Amino acid sequence: MSLFQSRRSALPGFNLSLGYTVFYLGLIVLVPLAAVFLKTTGMTWEHFVQAVASPRVMAAYRISFGASFLAALINLVFGLLLAWVLVRYPFPGRKVIDALVDLPFALPTAVAGIALTAIYSKNGWIGQYLEPLGIHVAFTELGVLMALTFIGLPFVVRTLQPVIEELEPELEEASMTLGANRWQTITRVILPELVPALLTGFALSFARALGEYGSVVFISGNMPMRTEIVPLLIITKLEQYDYRGATAIAVVMLVSSFVLLLVINLLQKWSRRYHRI
Amino acid sequence: MASTISNLQRHRPPATSQPKVTQDPVWVRWLLTTIALLFVAFFLVLPLASVFAEAFRRGINAYFAAFNDPDALSAIRLTLLAAVVSVPANLVFGVAAAWAITKFSFPGKSLLITLIDLPFAVSPVIAGLIYVLVFGLQGWFGSWLSDHDIKIIFATPGIILATTFVTFPFVAREIIPLMQAQGTDEEYAAITLGASGWQTFWRVTLPNIKWGLFYGIILCNARAMGEFGAVSVVSGHIRGETNTIPLHVEILYNEYNFVGAFAMASLLAVLAIITLVLKSFIEWKFQQGRAEA
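Residues numbered from 1 in each chain as written. Chains lettered and ligands numbered in written order. Predicted model: local features only at pLDDT ≥ 70, side-chain atom pairs only at ≥ 80, totals over all residues. Heavy atoms only, no water.

A look at the pattern of salt bridges
Residues and elements named next belong to chain B. Inspection of every chain in the model, using the stated rule, returns 17 salt bridges over all chains. Of the charged contacts in the structure, one is a salt bridge between Arg239 and Asp71, with a shortest N-O distance of 3.1 Å. Within this pair, whereas Arg239 is found in the loop between helix 11 (229–235) and helix 12 (245–254), its partner Asp71 is found in helix 3 (residues 70–103), the two being separated by 168 residues in sequence. Accessibility expressed as a relative area gives 36% for Arg239, which makes it partly exposed. Here Arg239 makes a salt bridge to Glu255, at a shortest N to O gap of 2.6 Å. With Arg239 in the loop between helix 11 and helix 12 and Glu255 in the loop between helix 12 and helix 13 (258–292), the pair connects residues that are 16 residues apart, well separated along the chain. The exposure class of Glu255 is partly exposed, given its relative accessible area of 44%. (Salt bridge = Lys/Arg side-chain N within 4 Å of Asp/Glu carboxyl O. Helix = DSSP H or I, 4+ residues; strand = E, 2+ residues; numbered from the N terminus. Buried < 20%, exposed > 50% of the residue type's maximum accessible area, 1.4 Å probe, protein only.)

Take a look at the structure:
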C-alpha cells in the first residue's frame, strides 16, 4: 500500500485505513461478486443462452423491465409534483409529509408487500371498491406495478428537492419581466433546469425496482409467464438446485444494473456541471 | 448507486417566502397540494395504517398472543443479532474508508467510491446468491466447510454476511461527503500541536462527524433489521433457527395466519416510524449546529 503513499498529507493512518477498506471491500463485496461471473465461465455458450433466453425467462424480463419502467414513469410525475409542493408551498404539516416520503425506504419490503396486498385484495380497503369495477390489482401485473411504484417514490422526490430548492429566483423573475406567463416560465425555464435531476431520479427509481423482491412477491401471485419477476425466478431456480441457471440470469441482471449505475453516475456528473454554470 | 436518497447535507432551511411574481395562483397551489397529499395518503399512509389495522383485527389479546411463540422470539433474537454484528462492522469500515478517502489523495479514489456504492446496485436476491456460490455446498469452499463441519449457508453466519452486504455502503456514504466538506485543517492543527493520530481522530474528527455517523447508523440498522430478499436466499427457512422477523412474517402469512404475520410486521413498522422520527431529529440538530457555526 505504501506504493500509493500520499504526496501531500501529514496525517497518519493512511496505510491502515486504506488497507482495511480495500480488504473489507474485497472480502464482503468484490470476491463474492466475482463468484457469479466465474461460475458462468464453466458454462458453454449454448447453455448460457438457453438459461437466459428461455420463454419463461424472457417473460420475466418483460414484466420486470416493463413494470419497473412504468413505475419509474409514475414516480417521475408524482415525485415531481410532491417535490415541488414540498419545496414551494408552505402548508401545515409539511415537515411530517416530508419525513413520510422516506417511508418506502424505512419500511421493510416484506411488510410493504403484505400491507399492499391487504389493501388491494378483494376485501381490502381499496380493493373492495376496485373489484366491482373489474379492476384487479392483487395477484395481477397491476399489483407488481403498485409495489414497484411504492418502493421507488423517494428516489425521485429526494433527487429533485435540492435542485428545486436551489433554483435561482432571478431566473423566474427575469422570465416574468420579459413577458412570459407563469405556464411558459414553468415549461420553458424551470422544467429544462430540472431535466438532469428528473432523469437521475427516474434511473434510480428504475434501478431499484428492477432488483426489488420483497414487496412484489406477496402482491404479484407469482404466476410464471405473467407476474413472475426476474429476482423471483432466480430464487425458484435456486430452490430447484439449478445453480447454473440462477447464476446465468443473475449475470444478465448484474450487467443491467452496472450499466444503469454507469448511466446514473454520468447523469449526476452532467447534473452537477449543468448547475454550476 | 450514487443516489441522493439520504444525505444529511442536502437538507437546507425551508425556503423563505417566494417573491410575489413567481408565486403560483392560489387555486393552483391548493390543487397541487391536494393532489400531493392525496397521493401520500393513498400510497404511503394507507399501507402503514393497514399493518396495524390487520394486526389488531382480532383484538389486542390475539395481537400479543402472536409474540407468545418460541419461533417468533427466536426470529426477533436472530434479527437483533444480525443487526448487532453487521451495523458495527459497517460502521468501522465506513469510518476507515472515509478517513482514507477524505484525508489523503491517491490514484483510483473515485473508483473506490463507486465500488463502495456497488451493493446498492445489486438486487438483494443476487446478494444472497453470491454467498451461496461461495459458501454453499456446491460452492468454492463448500466441500472444505462441510469437511470441517462449519455451516455458513442456511445458518446464522450466512444471514449475518448477507445483511452486512446489503447494508455495506450506508455509513460510508453518509460521512464521506460530510468529511469532504469539512476538509483537513482541524486535523492538521491538532497534529501540529502534538496530538497523536488517535487523539486527533477521537477529539477532533469524531465530534465533527457525530451527527452524520448517527444518521448512517440509523439507516443502516433499519435496513439490517428489515432485509428480506438477501436473507431469504441464504436462510433455508428453518423455523426457530434461521428465520429473521421478515422471514417469519412471510411464513406466517403463507400459512394464512394473518394476525400473527401482521403482528410481527407491526414490530418492523414501529421500527420504521422510529427511524423516520430519529432521522428528522438528526436533520434538525444538524441544521441547528450549522446555523450556530
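What about the packing of aromatic side chains?
On inspection of all chains with the given rule, the structure shows 35 aromatic pairs over all chains. Summarising the aromatic geometry, the rings of A:Phe202 and A:Phe206 are spaced 6.4 Å apart at their centres and angled 0° between planes, so their arrangement reads as stacked. In this pair, A:Phe202 and A:Phe206 both sit in helix 10 (residues 182–211), four residues apart, roughly one turn of the helix. A:Phe206 carries the same exposure label as A:Phe202, and that label is buried. Judged by centre distance (5.4 Å) and plane angle (85°), the rings of A:Phe218 and B:Tyr253 are edge-to-face. (Phe/Tyr/Trp six-rings, centres within 6.5 Å; stacked < 30°, edge-to-face > 60°.)

Section: the environment of A:Trp84
Of note, A:Trp84 is situated in helix 3 (residues 55–88). Residue class for A:Trp84 comes out buried when judged on its relative accessible area of 8%. With 80 residues separating them along the chain, A:Trp84 and A:Ile164 place their C-alpha atoms 7.1 Å apart. Setting aside residues up to four positions removed in sequence, A:Trp84 forms contacts with A:Tyr89, A:Ile164, A:Leu167, A:Arg182, A:Ile190, B:Asp24 and B:Leu32. (Contact = heavy atoms within 4.5 Å.)

Quick look at the interface of chain B and chain A
The interface is formed by 102 residues belonging to chain B together with 100 residues belonging to chain A. Carbon and sulfur atoms make up 78% of the area that chain B and chain A hide from each other, which totals about 9,100 Å². Taken together, the links from chain B to chain A amount to two salt bridges. Broken down by class, the residue content of the side of chain B that touches chain A amounts to 71 nonpolar, 22 polar and nine charged. (Buried area = accessible area lost by both parts, 1.4 Å probe. Nonpolar A, V, L, I, M, F, W, Y, C, P; charged D, E, K, R; others polar.)

Structural notes on the nonpolar core
Of all hydrophobic cores here, the largest spans 189 residues; its most connected members are A:Leu107, A:Ile234, B:Ile116 and B:Phe165. A per-element tally of this core places helix 8 (residues 141–165) of chain A first, with 14 residues. Excluding residues within four positions of it along the chain, A:Ile234 makes contact with A:Ala246, A:Ile249, A:Ala250, B:Val125, B:Ile126 and B:Leu129. (Core = buried A, V, L, I, M, F, W, Y, C linked by side-chain atoms within 4.5 Å.)

Remarks on the packing of helix 8 (residues 170–182) of chain B against helix 10 (residues 197–226) of chain B
Residues and elements named next belong to chain B. Where helix 8 meets helix 10, the closest approach of the two axes is 8 Å, and the angle between their N-to-C directions is 155°. Considering the angle they form, helix 8 stands roughly antiparallel to helix 10. The two elements helix 8 and helix 10 cross, and the hand of that crossing is right-handed. Here Phe170, Val171, Glu174, Ile175, Leu178, Met179 and Gln182 of helix 8 come into contact with helix 10, specifically with Thr205, Asn208, Ile209, Gly212, Leu213, Tyr215, Gly216, Ile217, Leu219, Cys220 and Arg223. (Axes fitted to C-alpha atoms, helices over the stretch in contact; angles between N-to-C directions. Parallel < 35°, antiparallel > 145°, perpendicular 65-115°, else oblique. Left-handed = near helix turned anticlockwise from the far one by under 90°.)

Notes on the environment of A:Val144
Residues and elements named next belong to chain A. Of note, Val144 is situated in helix 8. A relative accessible area of 0% places Val144 in the buried class. Separated by 83 residues in the primary sequence, Val144 and Thr227 have C-alpha atoms spaced 7.3 Å apart. Contact partners of Val144, with chain neighbours within four places excluded, come to Ala67, Val216, Ile219, Ser220, Thr227 and Ile229.

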